[in-house]
Amino acid sequence: TGENRDDGISMPFRFEACISTRPINRMDNKSKGGKPKKSSPVGQTLLEEATGRINEPLSHLFASSSAASSLDPQGELRRCMDRIRNRMAHCNDIDSYLKWVESCKQIVGINDDAKRTEEMAVTKLATLVVVANVADVLIGTTNFNAENDNPQVTNYESTDQIVERLFNLRSDAITRAVEIMSSFVNVKPKREAKAPKKSKDVVGTNHDSESKAKNGEVYQTKLAKTSDVNPATVARNQKLIEDVLSLCPALPLEFIAPAFRKFGALASASKKTNRNDSDDEDNLQSNFSRLIYNMPFRRFIITKSLLLVSGASTVIRAGSRFCSIPSNPIAAYMSLGPLLLAEFCSLCYDLENTSIATKNSASQSTHYLSLTQLSLRAFSFCVHGLSTSTTNQAMSNAQRVQFMISNAIRIASRAAPSSKDGWDYYQSLNVQGNNAPQDEIELKKSLTPFVSFKVDANAPVRLCLFSELMRSSMYGEAIECCHLIKAAAASFSEPSIKHHLSVMLLRCFEQIKQVGVGLLSLDHGEGNQNESCVCYAIDTAFELNNNLDGDTFVPFPHGFLGLDLMSKKGFQLARSKMGLTSMCPNYWPEKHLDRLMDEFSSQLGCPGTIQQI
């Protein structure tokens, strides 16, 4: 790891100049009125104090330097960033970054043991946050395809090692920070007798640390270390740390996309295909990159892609102000969308990566989404970005979404070979569009694997993705599938297609109990239906139907009664002439179609909704 080098590459960076040892937000249990106020959790209080002491935004500085290196024709700035990244990767012992805290005179010189312990914990916590932030950004400065002047990063193997060491350093910093935040508890206030009143001319009298009670007593609040750590507290503190790190600049597309291809589902499927039964664990570790099978690193990449495509992270570009939009958003959505769907399909086969496992885990269910939910949510944001794009290009929004989804299906078939037959089946279906534009008909066909219903009674039962997720009790992923349908529906200008999607979404519940093969061929068992998921699906269906309720009637226009309203074709034509959606009547449930036709012929208007499906 470079311990014997003379060029200082093994020396850790010292961040004490970036961290203040002066208290910023000292805990105070008094509100402005002098009454005791409700205190925050100890871990949150320590983290707020620690982040308030960080003086320099090193993560943004390094990200800006990396972005500006593209403007340096001599490459000096790039070589400087490479040296910083290599040095921090080789110094991946987290304890070496905390040595200065233990020797800081301002902290060691505190006489009160409790205050000294608290100050040392806050300063260590601030240092760990800085280390995690810097490692986070330096991971994104890695270029897998570029030649580098430093001999340590001229080949893929050493580049993998550097990324792995930086990620391990980031993980160790987060783990140590969570341990510090979880090792302190609030000591119950002790009531002490009020000290006798001293003379006014006594120098050094200080009553700022005392809060008067009604009975003449004072309260003193302190923190104390504890060895009894609650798993729920650890999970909450982990979420707090991750929220702070999410404020780091977004990782560039030039790193995320190659990282998915190199360490994601496609690489994992390729390794499994080429693996021999005689390979043991040691041989796998020596021949294949450990990052391919590192699920925390997979979560890291998926989370960073979600922050990038959703606009939740700051994007730093050379010569531009900080913004939340990638430099080429269409390219980002087109590149990451297929890779994210491939991740989702590949991860669905492992129960530990689904919402079923997180639902049964008390320590993570309220703080973390499963990997499958994260990847499908990020894919939905890619679809939403293409559906709502306002850039002037030759392709329409529907064409962009259809092209991206088709490419995603092709890549997902490679990452999850078990799903190839399901994708091919739905892509071979004939889809009607009711005089809709051709690009929207093609997009509607691309969405049939996600939400559809078997119309032909003689055809074998095939479950779409939404029905399969519901049958497998993957309700978190089913909700994300509803998000995906809504995002794609923004590309449609024909209301009948949206109406068709809403009907298909609700009719998916009819075939959950039927015996049939699902799109991904999952076998996670069956469970009870989740009410929140069902309600969300119903809300999504009504949004796709322009929020028309069952009491909304469209009146007949003058001279309209001459049409044949008792036939299916006449019923469809009548709804079309009245401005209502006019999808193929065969897609309606038979009983519901009969009811609509009866109301159509007996009322003074036509119901404009999908009531009672």
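Coordinates for the structure precede this section.
Here we summarise the structure given alongside this text. Treat the numbers as computed from the prediction; the structure is a model and nothing was measured.

**Structural notes on the overall build of the protein**
Consideration 1: Regarding its fold elements, the protein presents 24 helices and nine strands.
Consideration 2: Across the 613 residues in the protein, those meeting the buried criterion constitute 47%.
Consideration 3: Accessible area of the protein: about 30400 Å², with a carbon and sulfur share of 49%.

**Overview of the nonpolar core**
Consideration 1: Ranked by size, the top nonpolar core spans 147 residues in total, and within it Phe 379, Phe 450 and Phe 466 carry the most contacts.
Consideration 2: Counting residues per element, this core draws most heavily on helix H6 (residues 113-140), which supplies 14 residues.
Consideration 3: Residue contacts for Phe 450: discarding those within four places in its chain leaves Leu 341, Ile 405, Trp 423, Cys 464, Leu 465, Phe 466, Cys 481, Leu 484 and Ile 485.

**Concerning the side chain of Ser 491**
Consideration 1: If you trace the backbone, Ser 491 turns up in the loop between helix H20 (475-489) and helix H21 (495-507).
Consideration 2: The class of Ser 491 is buried, set by a relative accessible area of 10%.
Consideration 3: Setting aside residues up to four positions removed in sequence, Ser 491 forms contacts with Ser 387, Asn 397, Ala 398, Val 401, Glu 440 and Leu 443.

**A word on the packing of aromatic side chains**
Consideration 1: Enumeration over the complete set of coordinates arrives at 11 aromatic pairs.
Consideration 2: Ring plane angle 65° and centroid distance 5.9 Å describe the contact between Phe 144 and Phe 263, whose orientation is recorded as edge-to-face. Pair noted here: Phe 144 is in the loop between H6 and helix H7 (156-182) and Phe 263 is in helix H9 (residues 253-263), with a separation of 119 residues, a long-range link. Neither residue differs from the other here; Phe 144 and Phe 263 are each classed as buried.
Consideration 3: Ring geometry for Phe 263 against Phe 297: centres 5.7 Å apart, planes inclined by 85°, an arrangement best described as edge-to-face. With a gap of 34 residues between them, Phe 263 in helix H9 and Phe 297 in helix H12 (residues 295-310) connect regions that are remote in the sequence. For the pair shown, Phe 263 and Phe 297 are each scored as buried.
Consideration 4: By the ring-pair criterion, three or more aromatic residues cluster together here, those being Phe 144, Phe 167, Phe 255, Phe 263, Phe 297 and Phe 300.
Consideration 5: Between the NZ or CZ atom of Arg 87 and the centre of the ring of Phe 13, over which it lies, the distance is 4.4 Å.
Consideration 6: Looking at Arg 462, its charged tip hangs above the ring of Tyr 425, at a distance of 5.1 Å from the centre.

**Here's the deal with the packing of H9 against H12**
Consideration 1: Look at H9 against H12: their axes get within 10 Å of each other, and the N-to-C directions meet at 145°. Pair H9 / H12 crosses with left-handed handedness. Residues Leu 253, Ile 256, Ala 259, Phe 260 and Phe 263 of H9 form the contact with H12, whose own contacting residues are Phe 297, Arg 298, Ile 301, Ile 302, Lys 304, Ser 305 and Leu 308.

**With respect to the environment of Val 122**
Consideration 1: Among the structural elements, Val 122 can be located in helix H6.
Consideration 2: Owing to a relative accessible area of 2%, Val 122 belongs among the buried residues under this scheme.
Consideration 3: Each C-alpha atom of the pair Val 122 and Met 181 lies 9.0 Å from the other, and the pair is 59 residues apart in sequence.
Consideration 4: The residues touching Val 122, leaving out its near neighbours within four places in the chain, are Leu 46, Glu 49, Ala 50 and Arg 53.

The rules behind each value
- Chains are numbered independently. Their residues run from 1 in the order of the written sequence.
- Given that this is a predicted model, residues contribute local features only at a pLDDT of at least 70 and side-chain atom pairs are listed and counted only at 80 or more, while totals for whole chains, interfaces and linings are drawn from all residues.
- With hydrogens and water stripped out, all remaining heavy atoms of the structure feed into the side-chain values.
- Secondary structure elements follow DSSP: runs of H or I of four or more residues count as helices, runs of E of two or more count as strands, with numbering from the N terminus.
- For every residue, the accessible area (1.4 Å probe, protein chains only) is compared with the maximum for its type, and the residue is labelled buried under 20%, exposed over 50%, or partly exposed between those bounds.
- Only the protein chains shown count as cover for residues, and the accessible areas themselves come from Shrake-Rupley with a 1.4 Å probe.
- Nonpolar core, defined: a set of buried Ala, Val, Leu, Ile, Met, Phe, Trp, Tyr and Cys residues in which side-chain atoms within 4.5 Å join the residues together.
- Residue contacts are counted whenever heavy atoms from the two residues lie within 4.5 Å of one another.
- The aromatic pairing rule takes the rings of Phe, Tyr and Trp, using the six-membered ring of Trp, and pairs them if the centres are within 6.5 Å, calling planes under 30 degrees apart stacked, those over 60 edge-to-face and the rest tilted.
- The criterion is that NZ of a Lys, or CZ of an Arg, lies within 6 Å of the ring centre and within 35 degrees of the ring normal, and then a charge sits over that ring.
- For every element, the axis is a line fit to its C-alpha atoms; helices are fit only across the contacting stretch, and the angle between N-to-C directions ranges from 0 to 180 degrees.
- The handedness criterion is simple: a crossing whose near helix is rotated anticlockwise from the far helix by less than a right angle is left-handed, and one whose near helix is rotated clockwise is right-handed.

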